[in-house]
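Here is what each chain is made of, one letter per residue.
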Amino acid sequence: MVSIYIQSPNFLNSPFPSPASRRLRRGASSPQSLRVTASRSSSFDVVVVGGGIIGLTIARQFLTGSDLSVAVVDKAVPCSGATGAGQGYIWMTHKKPGSDIWDLAMRSHQLWHELADSLSDQGLDPQELLGWKKTGSLLVGKTSQECVALKQKVNELTEGGLRAEYLSSGDLFLKEPAILVDDETGAAFLPDDSQLDAHRAVAYIEKGNREFATEGRYAEFYHEPVTGLIRSDGSSKEVTGVQTLKRNLYGKKATIVAAGCWSGSLMHDLLKDCNISVDVPVKPRKGHLLVVENFDSFHLNHGMMEAGYADHQSASAPGAEERMLSISMTATMDTTGNLVLGNVFIPPLKLLNKSGSSREFVGFDTEADETIIRCIWERAAEFFPKLRDISIEDFIRNRKVRVGLRPYMPDGKPVIGSVPGLQNLYLAAGHEGGGLSMALGTAEMVSDIVLGKPSKVDVSAFQVHFGKGTIDLGGLEVKQVSISKTTAKRVWRTYEGGRDNMGFSIFEPTNLPANFFKLGFYAQPNNQKLFGWILVARDVSGSNLRPPVDYIEVWNTASLGIRQDGHAYFWQPVCLKGYKPVGVFVTTSSQKPPMKQDSISCVRSELTEQSEADTLVWGFKGINVVNSRPVQRGTQATGVYTGTFSFQQLNSSPLPYLFCLKNTKLNMSSNMPSKAQTRALFKTYSPLIYFHPKEIFLPSSVHWFFANGALLYKKGNESNPIPIQPNGTNLPQGGSNDDLFWLDYPLDKTAMEKVKRGDLRNTKVYLNIKPMFGGTFTDIAVWIFCPFNGNAHLKFLFIKSLSLGQIGEHVGDWEHVTLRISNFNGKLWRVYFSQHSGGTLVDACDLEYVEGGNKPVIYSSLHGHAMFSKPGLVLQGKRRYGIRNDMARSDKWLNCGKGYEVIGGPWGVVEPAWTSYFRKWGPRVGYKIDKPIKSFAKKILPMFVRKRLRNIIRKIPYEMLGEDGPTGPKAKLTWTGDDKYS
């Protein structure tokens, strides 16, 4: 006889207590004994809201990895939520290499194994303490199509660094005789996967945490629902703790919400009075597990999962829960010999005739569903025929069912990181059924974020709100679709013209998310690997998108005498009154495209604004294909870059206008990363700058420049310069560049020479963080200061390098690069390189990176410090003559991520005093053009050549020739505007 009873994981609503609650009720380890005092308030370094596996392991990470004190608060007790209702597997079988969660899952997998190994090394039993069993896992397919996919998955997992092998039906039967197999059955086998007992693991972690209570570093507050946030002055953006029904709990360094499926609703309640709009779409997803106690009909040697379960794991997307009809099975044998069965079941409008275990969206209801129990049992019996020997009616009458509320996120990824707009508030939730398996990696990530340490795993994919895939422009939701073989199809290409005479290609976005529509097509040069993106849109209000009423043929390639894939026809939509076109439709037929919204959409005029040409995609015989960008750009500009393209035809009538999108929500920083997220992004993408081997004028920090004798001069009182305070507090603030003040070197020649050469060891870079393109991108402007800019050299005729004397020399040289990062996904899109009077934008795919990682390599030109993406020689002039910019690698380099300071940003950055000094950082100096010619060329060059040389020198940019003295970063137009690159 099988003994079965109902066990609900929600302690407050359960007719039976969980093992954890029974232990607490006996009083042996009462949480009251761990409270610091019975007072109305207590203070800690970190407060963790949530006593599940995520919250407890976060507390453990801080306790063991730092000297911080931690409090855990929960409305119930540990293991009363999804943790206690789970199946306990630590599997990689159903994870996809290269996915956003892969690195986090791999890191957690490693940490769990290291924990089990460390227990063994201490002579302890991991199975006894954690319920740890290294069972391996099987992902089973029952059709030839599934087995083909499994073979591919084995290859992917192996390439991802795991041991994996494919098992034929015969090999599978030898490993698991209880499974029903036929000729088409096969499996992916991962021998290193494991499972554990959630209650034992939680008890072990809880016991370890409590050992720090005697030091005053740990306390638990159970049965205390959190009711509000505590802020430093009641209305500030700094969170200092939480309120419960009984007390105030202060977290001096961090408050972390890790409340599982309750995190979304809890965050909504906590933020409603903060004037902060943060979307945390974590919601409960109900699941059933059947526990067959004392089962001896057969034994499972490994954890098992049906192939469809893996498909379900990768299918999470907005709206997926309404569309999917997944039926798939999981089975494990726990440490006490109980058989645990689970399936994935998304109930359709009417019940399917067969099913699997459920993941339902029914709010916080934890009542077991008899219909679902039957479906789970029947599906499991298809794999294990011996289950049919047990009466399903007996099972239903005497059952043990775990009903869990898994914290679901629409994009299938947990949300981990700081909460934008509020300091010291963090979130770690949305792991759905993977909380136990990803707990240790999540805890490590959260601790690293709070403590400012480099993370072992890229945090950008999990950040709160920022990087979640879609942005609401005000009734129009847009999504950035990366162009790849799976998201777009090539419509047409030419093989000539443009960059490197290789032509260009046009792509149509495909496989769009539900209810999203195209706004145009994407174009890219053929000399570049497939890279880029385009926006697609979803109408939230119901009136912001409309299909075209007609098309105008604006161009075709029939008359071009070039190699091409047939002829291309370019159609601009004709829109209803009150709507505007954003892109063109491209066909390989002269027939007009369909006038349907799923072909291309027009956008309501209020959500558009004027666009202009951006970078050149392709040019041939007076026809240019260009990317489109908003005309108005800057921190307060609302225009949104769409990724579409347009045409410029020389000597022809103007084409109809195309438009870009507009963010009507006006708060340009609402979609940006938080301060902590920005720091994490900069750690990820921080550049490495190489200086030329012959460079002697190196950078320094501003503090070093001031502390080593820099002087402030005032017009009319030049004989009495003033030493500058190291923090620049005695510099004149505000005003304008009016020649009233300037900076210069110390008067002592030795000190002067020291300052001119800078100090690479005392260098830091300065970051200005700003929204761009209507808040859909974040620009991180990386400013670097050099105390001295060296003289210029000219390449002319047979003269490779002619020194121009003092021309080019000046005090105080500010240069910068800008990292442009997508707020849709946190990925680096482009980098801007400042180069004297202008600069260039380089796509991320064309950059050089440090050891194949994410950090761009940048080259600083000799003496001038202009920034370039490649080493070599770049001439500033015409043809083969001009000012030399020499770049090369050397042992003089700067890792920007090692030393930096944020001097501007949207979260109330305290700016150093020197940023508001708007006058010159060096004196005005005038140079005579003829001096270098007289000193060298007059004796060697004929008169007509000297004249030509003089004309070239006169074309040297004003900032090099006139030496007006540079201004600081905040005095530049780019402080709030776009960089000048065209």
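Residues numbered from 1 in each chain as written. Predicted model: local features only at pLDDT ≥ 70, side-chain atom pairs only at ≥ 80, totals over all residues. Heavy atoms only, no water.

K.L.:
Tell me about the sheet that holds strand S30 (residues 569-574), and please be specific about residues and values.
P.N.:
Spatially, 3 strands are ordered S29-S30-S32 in an open sheet, and the strand pairing comes out antiparallel. Of all the strands in the sheet, just strand S29 (550-556) and strand S32 (585-587) have a single pairing partner and so form its edges. Ignoring which end each strand starts from, the neighbouring axes of this sheet average 35° apart. Taken together, the 6 bridges between S29 and S30 define a ladder with antiparallel strand orientation. (Pairing = 2+ DSSP bridges. Helix = DSSP H or I, 4+ residues; strand = E, 2+ residues; numbered from the N terminus. Axes fitted to C-alpha atoms, helices over the stretch in contact; angles between N-to-C directions.)

K.L.:
Lay out helix H15 (residues 675-685) in plain terms, naming residues and giving numbers.
P.N.:
When H15 is considered as a whole, its buried residues turn out to be Gln 677, Thr 678, Ala 680, Leu 681, Phe 682, Thr 684 and Tyr 685. Looking at the packing, one finds that the buried side of H15 touches strand S19 (415-418), strand S43 (765-772), strand S44 (777-789), strand S47 (810-822), strand S48 (828-835) and strand S55 (900-904). (Buried < 20%, exposed > 50% of the residue type's maximum accessible area, 1.4 Å probe, protein only. Contact = heavy atoms within 4.5 Å.)

K.L.:
Give a description of the pattern of salt bridges that names residues and reports values.
P.N.:
For the structure shown, the criterion picks out 42 salt bridges. Arg 217 is the salt-bridge partner of Glu 215, the closest N and O atoms lying 3.8 Å from each other. Taking the relative accessible area as the measure of exposure, Glu 215 reaches 52% and is therefore exposed. Ionic contacts of the salt-bridge type, sharing partners, join the residues Glu 612, Asp 614, Arg 629, Arg 633, Asp 779, Arg 820, Arg 830, Asp 843 and Asp 978 into one network. (Salt bridge = Lys/Arg side-chain N within 4 Å of Asp/Glu carboxyl O.)

K.L.:
Got a sec to walk through the state of the cysteines? Specific residues and values, please.
P.N.:
Applying the stated criterion to the full structure yields 1 disulfide. Across a sulfur-sulfur distance of 2.1 Å, Cys 575 and Cys 602 are joined as a disulfide pair. Note on the Cys 575 and Cys 602 pair: the S-S dihedral is about -80°, so by sign convention the disulfide is left-handed. On the criterion of sequence distance, the pair formed by Cys 575 in the loop between S30 and strand S31 (579-580) and Cys 602 in strand S33 (residues 602-604) is long-range, its members being 27 residues apart. Each of the two residues, Cys 575 as well as Cys 602, counts as buried. (Disulfide = S-S within 2.5 Å.)

K.L.:
Please provide a residue-by-residue account of the packing of helix H4 (residues 102-121) against helix H14 (residues 435-451), values included.
P.N.:
Where H4 meets H14, the closest approach of the two axes is 7 Å, and the angle between their N-to-C directions is 100°. When the interaxial angle is binned, H4 and H14 end up roughly perpendicular. Facing Leu 104, Ala 105, Arg 107, Ser 108, His 109, Leu 111, Trp 112 and Leu 115 of H4, the residues of H14 in contact are Leu 436, Ser 437, Met 438, Ala 439, Leu 440, Gly 441, Thr 442, Glu 444 and Met 445. Considering only residue class, the contact of H4 with H14 consists of 10 nonpolar, 5 polar and 2 charged. (Parallel < 35°, antiparallel > 145°, perpendicular 65-115°, else oblique. Nonpolar A, V, L, I, M, F, W, Y, C, P; charged D, E, K, R; others polar.)

K.L.:
Hey, could you go over the packing of helix H2 (residues 53-65) against H14 for me, with residue numbers and the actual values?
P.N.:
It is at 8 Å that the axes of H2 and H14 come closest, and there the two elements cross at 45°. As summarised for this structure, H2 and H14 are arranged oblique, according to the angle between their axes. Here H2 runs over H14; the crossing is right-handed. Facing Ile 53, Ile 54, Thr 57, Ile 58, Arg 60, Gln 61 and Phe 62 of H2, the residues of H14 in contact are Gly 435, Leu 436, Ala 439, Leu 440, Thr 442, Ala 443, Glu 444, Val 446, Ser 447, Val 450 and Leu 451. (Left-handed = near helix turned anticlockwise from the far one by under 90°.)

K.L.:
How would you explain unusual backbone geometry if you had to name every residue and give the values?
P.N.:
A positive phi angle, close to 70°, is found at Asn 424, a residue other than glycine. Secondary-structure assignment places Asn 424 in the loop between S19 and strand S20 (425-429). The exposure class assigned to Asn 424 is buried, which follows from its relative accessible area of 18%. Positive phi is not limited to glycine here, since His 863 has a value of about 70°. In this fold, His 863 is placed in the loop between strand S50 (857-860) and strand S51 (867-868). In this structure His 863 comes out as buried when scored by relative accessible area, which is 12%.

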